Structures are given as C-alpha cells and as structure tokens.
Amino acid sequence: LALREGASAVILPTVAEVGGVIRVSLEVIDPRSGVTVYSESSDARDARAVLAALDTTTRRVRGQLGEALAAVDARSGRLEKVTTDNLEARRAFSLAQKARYESRLADAEALLEQAVRLDPDFAMAHLRLAFMRYVQSDAEGTTRWLRLAQEHRDHLTEREALFLDGAAATLDDPAQALAKFRILGALYPDEYRAYYNFAY
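Residues numbered from 1 in each chain as written. Predicted model: local features only at pLDDT ≥ 70, side-chain atom pairs only at ≥ 80, totals over all residues. Heavy atoms only, no water.

Asks: Go over the pattern of salt bridges with me, naming the residues and quoting the values.
Replies: A full pass over the atoms with the stated rule returns 14 salt bridges. Among the salt bridges present, the one from Glu-109 reaches Arg-133, with a minimum N-O distance of 3.1 Å. Placement of the pair is Glu-109 in helix α4 (residues 105-118) and Arg-133 in helix α5 (residues 123-135), with a sequence separation of 24 residues. Considered together, Glu-109 and Arg-133 belong to a single accessibility category, that of buried residues. Residue Asp-138 is joined to Arg-133 by a salt bridge in which the shortest nitrogen-to-oxygen separation is 3.0 Å. A relative accessible area of 16% means that Arg-133 is categorised as buried. (Salt bridge = Lys/Arg side-chain N within 4 Å of Asp/Glu carboxyl O. Helix = DSSP H or I, 4+ residues; strand = E, 2+ residues; numbered from the N terminus. Buried < 20%, exposed > 50% of the residue type's maximum accessible area, 1.4 Å probe, protein only.)

Asks: Tell me about helix α6 (residues 139-151), and name the residues and values.
Replies: Between the first and last C-alpha of α6 there are 18 Å, a value that for 13 residues agrees with the 18 Å anticipated at 1.5 Å per step. When α6 is considered as a whole, its buried residues turn out to be Gly-141, Thr-142, Trp-145, Leu-146, Leu-148 and Ala-149. Along the long axis of α6, the arc covered by the buried residues comes to 160 degrees, so they all point the same way. Structural note: α6 exposes Ala-139 and Glu-140 on the side pointing more than 90 degrees away from its buried face. The inward-facing, buried residues of α6 contact α4, α5 and α7 (158-170). Two or three places before Glu-140, at the opening of α6, Asp-138 has a side-chain oxygen 3.4 Å from that residue's backbone nitrogen. (Expected span 1.5 Å × (residues − 1). Arc of directions from axis to C-beta. Contact = heavy atoms within 4.5 Å. Polar contact = N/O pair within 3.5 Å; in protein donor to acceptor, adjacent residues only side chain to side chain.)

Asks: Explain helix α3 (residues 87-101) residue by residue, including any values.
Replies: Across its 15 residues, α3 extends 21 Å between first and last C-alpha, which sits within 8% of the 21 Å expected from 1.5 Å per residue. Within the sequence span of α3, burial applies to Ala-89, Arg-90, Ala-92, Phe-93, Ser-94, Ala-96, Gln-97 and Ala-99. Where α3 starts, the residue carrying a side-chain oxygen 2.9 Å from the main-chain nitrogen of Glu-88 turns out to be Asn-86. With its phi angle positive at about 65 degrees, Ser-103 sits one or two positions after the end of α3.

Asks: Got a sec to walk through a nonpolar patch on the surface? Specific residues and values, please.
Replies: On the surface, a cluster of nonpolar side chains totalling about 950 Å² of accessible area is made up of Tyr-101, Tyr-134, Val-135, Leu-171, Tyr-192, Tyr-195, Tyr-196 and Tyr-200. Listed by contribution, the elements that provide at least two residues to the nonpolar patch are α5 and α9 (192-199). A total of 3 residues in the nonpolar patch trace back to one element, the largest contributor, which is α9. Tracing the backbone shows Val-135 in helix α5. (Patch = residues over 30% accessible without salt bridge, like charges linked within 9 Å, V, L, I, M, F, W, Y side chains within 5 Å. Areas by Shrake-Rupley, 256 points an atom, 1.4 Å probe, with all protein chains shown as cover.)

Asks: Lay out the sheet that holds strand β3 (residues 36-44) in plain terms, naming residues and giving numbers.
Replies: The pairing of strands in a sheet comes from backbone hydrogen bonds and takes either a parallel or an antiparallel form. Spatially, β1-β2-β3 is the arrangement adopted by the 3 strands of the open sheet, whose pairing is antiparallel. Only two strands of the sheet have a single partner each, and these edge strands are β1 (10-18) and β3. Mean inter-strand twist for the sheet, computed between neighbouring axes without regard to direction, equals 20 degrees. (Pairing = 2+ DSSP bridges. Axes fitted to C-alpha atoms, helices over the stretch in contact; angles between N-to-C directions.)

Asks: Go over the layout of surface pockets, please, and point to the residues and values.
Replies: Put simply, the largest pocket is a space of about 670 Å³. Taken together, 27 residues make up the lining of the largest pocket; nearest its centre are Arg-100, Phe-131, Val-135, Tyr-196 and Asn-197. It is α5 that contributes the most residues to the lining of the largest pocket, 7 residues altogether. Looking at side-chain class alone, the lining of the largest pocket contains 20 nonpolar, 4 polar and 3 charged residues. (1 Å grid on protein atoms, 1.4 Å probe; cavity = no way out; pocket = protein on both sides within 12 Å on 5 of 7 lines; lining within 4 Å. Points joined across faces, edges and corners; volume = space filled by probe spheres on them. Nonpolar A, V, L, I, M, F, W, Y, C, P; charged D, E, K, R; others polar.)

Dropping the structure here:
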C-alpha cells in the first residue's frame with residue numbers, strides 16, 4: 001500500500017513485554033527496501049505508564065523524522081502513479097522514466113519492455129513505448145504500441161485515458177489531439193504532459 005500510494009516511509013508501532021517491562025517502539029521503515037532507517041523505544045513499568053512511554057517515543061521520532069525521511073529519499077526514487085497492480089512492473093516503469101530523463105534511452109526502452117512483460121495489460125507502459133518509437137521516427141513501432149495501449153485502455157484511469165486519446169490522435173488527427181490535450185490540462189492542471197504535448 002505504501003509503495004502504491006507513494007508514501008516516503010512507514011511508521012511501524014509495536015508494544016511488547018520484555019523482561020517484565022512494557023516496551024513501546026516506533027520504527028521508520030523505507031517501504032521500497034523494507035529497511036528500518038530509524039527507531040525509538042521507551043519502557044513502561046506497568047500498563048498505566050504505557051501512554052506516557054508512547055508520548056515520549058512519539059516526540060523523539062517526530063524530532064528525528066525529517067532526518068529519517070531524508071535518508072529514505074536519498075536511497076530510492078518514488079514510484080510513478082500509474083495504473084498497474086504489479087509493483088515490479090510499476091518499479092520498472094519508474095526506472096524507465098528516470099532513465100529517459102537522464103537520456104539513457106536504450107535503458108528506458110528495455111525497462112518499459114520489462115514492465116509490459118510483467119503486466120501485459122499495462123497500457124501506460126505501452127503508451128510510453130509508442131512515444132519512444134515516435135521520437136525515433138518509427139511510424140510502424142509507434143502504431144503497434146499505440147494499438148496495444150488502446151486494447152488495454154480499460155486498465156487506465158480517466159486521466160490516463162484522456163492522455164492516450166491525445167497521443168493516439170497525434171499521428172492522424174492533430175486537431176483532435178489538441179482538443180484532448182486542452183481538456184486534459186483543464187481537468188488536471190498539474191498534468192504537465194498536457195501542456196508539453198499541446199505546445200509540441
């Protein structure tokens with residue numbers, strides 16, 4: 001759930017009796033690696049002191065949380081918010097995006113192909129592959145990947161489907177593509193791809 005929602009960290013609480021003492025612990029965990037990056041605990045002599053121990057532990061964790069989250073962010077990038085139930089496919093997609101931004105196009109394409117091997121219904125990965133073929137002036141490859149994206153459009157959110165419609169119209173109906181990207185930008189003002197593709 002943390003990976004799917006893009007959470008930076010998970011805080012795992014535990015209460016356990018250790019040698020006649022009640023120990024309250026909080027662990028800050030990197031959801032991508034499962035590694036504990038920071039933990040705190042306090043002991044309570046009996047059940048009446050548990051809330052005080054929890055308060056002490058919470059205050060300590062809150063004091064260190066910024067540093068702990070910085071350690072998580074330094075180690076791993078965020079997963080893209082795209083429609084697939086397969087976390088490994090989403091991870092491959094996210095790494096492909098990173099490779100693309102770093103101009104490692106062969107790596108990006110290989111990662112996207114891995115994403116669709118892991119989830120053949122992953123329409124956004126098909127669409128990204130279509131774009132990669134498009135910028136390489138490969139009309140046949142562009143059409144093939146767009147067709148696969150369209151075949152799996154029921155696995156898209158409404159936002160993603162609008163983006164796909166704009167992309168698909170780019171090849172043969174520029175006016176329709178402009179209309180779709182304008183609607184996408186109006187409905188989702190944070191969708192930078194709508195403005196980029198409209199301008200392009």
